[in-house]
Amino acid sequence: MKDDTSHMGGFLIYNMNMNKKIDVKKVAKLAELPIKEENLERLERELEQTVEHVDRLNNIDTSDVGETNTVTNLSNITRDDIIEPSLTQEEALQNAKHTHKGFFVVPVILKEAVE
Amino acid sequence: MNLHDLTITKAKDMLIKREISSSELTKMYLEKIAVLEPKLNAFVSVTKEKAMMDAAGADKKLVTGEDTPLLGIPFSIKDNFNTKGIRTTASSKVLDTYLAPYNATVVQKLERAGIVLLGKTNMDAWAHGSSTETSDYGVTHNPWDLNSLPGGSSGGAAASVAADETLAAIGSETAGSIRLPAAWCGVVGLKPTYGRVSRYGVIAMASSTDSPGPLTKTVEDAALILEVLAGKDSKDATTSPLKPKHYTQLMKEGRKMTIGISEDYFKGVDSEITERVTEALDVLKAKGHTIKNIQLFDPQYAIDVYTILQRSEVSSNLARMDGIRFGNDRSYFAQEAHRRIMLGTFALSSGYYDAYYKKTQKVRTLIIEDFKKAFESVDVIIGPTTPVTALPIGATKDNPMFGELMDVLVEPSSIAGLPGINIPVGFSAKGLPIGMQIMGPQFAEDVILDLAYQYEQETNFRKLKPNL
């Protein structure tokens, strides 16, 4: 994939009017989403619209408030380390498009150095 | 036999007395599905062969006098639950050919309880939405008006129950996905406390709020299913160690309650909906319950909290969809998934995490504490389930916040992980169903079921059926 986003800075560029711009190409690259060029503008508009909406949260003072990561109040859930039957190799591979001798075939992510 | 009058409780009785066999019952539902599906599109897959096999197996057990809680009862299951050997798509083309190699815990429990699986129901793709309009397999039509949306994301589930294509359905709710379609299709929809029912094997949307639950014709059927589903699961560390209750028994206690009402939950709500909910409150008052006005955190803020939380968790959960071990590659994601993955990735990205995700987690704390305070003075909180009745097909187009605006009244309790139930309270002038929700404190499913049951006994709305 051609990297045409590396020249971009942060995602948000604040201008004098404090309108927010989101660098959708950079976010798409982070999310590994192949988005068609013609859809980028619409996506950018929608994201900015949504971010503007959620910015209302800044009206709420949370300076003395802790974060909630889970509502269960449970912590450090452990179990005995006992091996239980799970998927067979065949079952684990049954949905893969490319397999080789009982393994998943993955795309190359590292390239050999070219002299 | 009239399928419309049939409930799980009644069917069980008939099956045990052998007035009907599970095979006969299943055949009737499959025939109904064949006739109605061209109009409704509530199912992504109909598992006809498996259904007949399940039914034959149930009949054998019934003959020997074996009894399990849902033996021989036809069910539909939302297509985001892994069902072993059966296509499981979450209504996304990314998983078009995915055959689940294992069962979700919910599915395993239902199978042990004896259900007959009729098929997998349509939903918003990945459960991203409140309409089923984002399904890659076409929209589901509302049985009460084929030009209207069924709601979502468990829209196929709600429609399948309302149209008598199944006796009961399993859905999942992250914020509204059971209650909203139940309201728009005029059925009962129970969203349990987060952690009451295992999420193992449910294709993850927002892991900190996903809650599987039943959609049924009656409150008693919902209680019966919850009894089967509730409980700790070693495969889901967020499930609660608290022992599940005997919901079918406790729902008949007839407790007198103090019901909290918050003005903010009626702001901007259709006048017809407010009228029906007010009438329902009058019914409850006449039964000896007390109504108390309370102040709650403005639900509008829950939209913003939910939007950031959900998008962030979505972007993380869907990162595993790489097309390597299963499914198609990421080019198969459609527009709504793009929107959500992108916003979540942005909100979690370096430099913006504090401003968005962290801020949201703090407001979430405020919402939880606000509910806790409210439940010190009331037993339950009642409000409308939705601000409007079912909208016309096409309503979601070009509105990236559609789901959130429709779910405004159910998002606060979802963010706090609380249980809630939708029950039908009447119809609009156009003949569209109206729903009321009862919310309770954590793990108080028995309390909300009790009040819902008391209301249901006083009214006849569930006996009306769509003209299909």
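Going by the structure above, here's the rest.
Residues numbered from 1 in each chain as written. Chains lettered and ligands numbered in written order. Predicted model: local features only at pLDDT ≥ 70, side-chain atom pairs only at ≥ 80, totals over all residues. Heavy atoms only, no water.

J.: So what's going on with the overall build of chain B? Residues and values would help.
T.: Each helix and strand counted, chain B has 15 helices and 11 strands in total. Relative to the 2.2 N^0.38 estimate, which gives 23 Å for 468 residues, the radius of gyration of chain B is 20 Å and therefore close to what a compact globule would have. Overall, the C-alpha framework of chain B stretches about 60 × 60 × 45 Å when taken along its three principal axes. Residue pairs in contact within chain B that sit at least 24 positions apart in sequence constitute 77% of those at least 6 positions apart. When the accessible area of chain B is evaluated, it comes to approximately 15,200 Å², of which 51% is carbon and sulfur surface. In chain B, 52 positive and 55 negative side-chain charges are present, and the distance between their average locations comes to 4 Å. (Helix = DSSP H or I, 4+ residues; strand = E, 2+ residues; numbered from the N terminus. Rg over C-alpha atoms; globule rule 2.2 N^0.38 Å. Contact = heavy atoms within 4.5 Å. Areas by Shrake-Rupley, 256 points an atom, 1.4 Å probe, with all protein chains shown as cover. Lys, Arg positive; Asp, Glu negative; His and termini not counted. Charge placed at Lys NZ, Arg CZ, Asp CG, Glu CD.)

J.: Report on the packing of helix α2 (residues 37-54) of chain A against helix α10 (residues 299-317) of chain B, specifying residues and quantitative values.
T.: Packing of α2 of chain A against α10 of chain B brings their axes to within 9 Å, and their N-to-C directions diverge by 130°. One element, α2 of chain A, and the other, α10 of chain B, form an angle in the oblique class. Considering only the axes of α2 of chain A and α10 of chain B, their crossing is left-handed. The residues of α10 of chain B that touch α2 of chain A, namely those facing Thr 50, His 53 and Val 54 of chain A, are Ile 303, Asp 304, Thr 307 and Ile 308 of chain B. (Axes fitted to C-alpha atoms, helices over the stretch in contact; angles between N-to-C directions. Parallel < 35°, antiparallel > 145°, perpendicular 65-115°, else oblique. Left-handed = near helix turned anticlockwise from the far one by under 90°.)

J.: Any chance you could break down the sheet that holds strand β3 (residues 116-121) of chain B for me, citing the residues and the numbers?
T.: All names here are of chain B. Across the sheet, 11 strands lie side by side as β1-β3-β2-β4-β6-β5-β10-β11-β9-β7-β8; this open sheet has mixed pairing. Bordering the open sheet on either side are β1 (43-46) and β8 (290-294), each of which pairs with just one other strand. Direction aside, neighbouring strands of the sheet carry axes that sit 30° apart on average. Packing against the sheet, helix α5 (residues 155-162) makes contact with β1, β2 (74-78), β3, β4 (168-173) and β6 (211-216), and its axis sits at approximately 155° to β4. (Pairing = 2+ DSSP bridges.)

J.: Go over the packing of aromatic side chains, please, and point to the residues and values.
T.: Residues and elements named next belong to chain B. Following the criterion strictly, the structure yields 9 aromatic pairs over all chains and no others. With centroids separated by 5.5 Å and ring planes inclined at 35°, the aromatic side chains of Tyr 353 and Tyr 357 adopt a geometry described as tilted. Note on Tyr 353: relative accessible area 33%, which makes it partly exposed. Taken together, the aromatic side chains of Phe 346, Tyr 352 and Tyr 356 make up a single cluster linked through ring pairs. (Phe/Tyr/Trp six-rings, centres within 6.5 Å; stacked < 30°, edge-to-face > 60°. Buried < 20%, exposed > 50% of the residue type's maximum accessible area, 1.4 Å probe, protein only.)

J.: Outline the interface of chain B and chain A, listing residues and values.
T.: A common measure of how large an interface is: the accessible area buried when the components associate. Tallying the contact residues gives 59 residues for chain B and 49 residues for chain A. For the pair chain B and chain A, the two sides together bury roughly 4,800 Å², of which 65% comes from carbon and sulfur. On the chain B side of the interface with chain A, the three residues burying the most area are Ile 324, Met 342 and Lys 359 of chain B, jointly 14% of the side's total. Seen at the junction of chain B and chain A, the total is 3 salt bridges. Among the salt bridges present, the one from Glu 91 of chain A reaches Lys 84 of chain B, with a minimum N-O distance of 3.5 Å. (Buried area = accessible area lost by both parts, 1.4 Å probe. Salt bridge = Lys/Arg side-chain N within 4 Å of Asp/Glu carboxyl O.)

J.: Give a description of helix α15 (residues 445-458) of chain B that names residues and reports values.
T.: For α15 of chain B, built from 14 residues, the straight-helix expectation of 20 Å at 1.5 Å per residue is met to within 8% by its first-to-last C-alpha distance of 20 Å. Every buried residue of α15 of chain B is accounted for by Glu 445, Asp 446, Val 447, Ile 448, Leu 449, Asp 450, Leu 451, Ala 452, Tyr 453, Gln 454, Tyr 455 and Glu 456 of chain B. (Expected span 1.5 Å × (residues − 1).)

J.: I'd like a rundown of the packing of helix α9 (residues 271-286) of chain B against α15 of chain B, residues and numbers included.
T.: Residues and elements named next belong to chain B. Two elements in contact, α9 and α15, have axes whose closest approach is 10 Å; the angle formed by their N-to-C orientations is 100°. The pairing of α9 with α15 is recorded here as roughly perpendicular in orientation. Touching Ala 280, Val 283 and Leu 284 of α9 are Leu 451, Tyr 455 and Glu 458, all from α15. Across the contact of α9 with α15, the residue classes break down as 5 nonpolar, no polar and 1 charged. (Nonpolar A, V, L, I, M, F, W, Y, C, P; charged D, E, K, R; others polar.)

J.: For the pairing of strand β10 (residues 420-427) of chain B, give the residues involved together with the corresponding values.
T.: Residues and elements named next belong to chain B. With 8 of 8 residues buried, β10 lies mostly within the body of the structure. Here 3 bridges tie strand β5 (residues 188-191) to β10, and the two strands are oriented antiparallel to one another. Of the residues in β10, the one forming a bridge with Gly 189 is Asn 422. As judged from the 7 bridges shared by β10 and strand β11 (residues 433-439), these two strands associate in the antiparallel manner.

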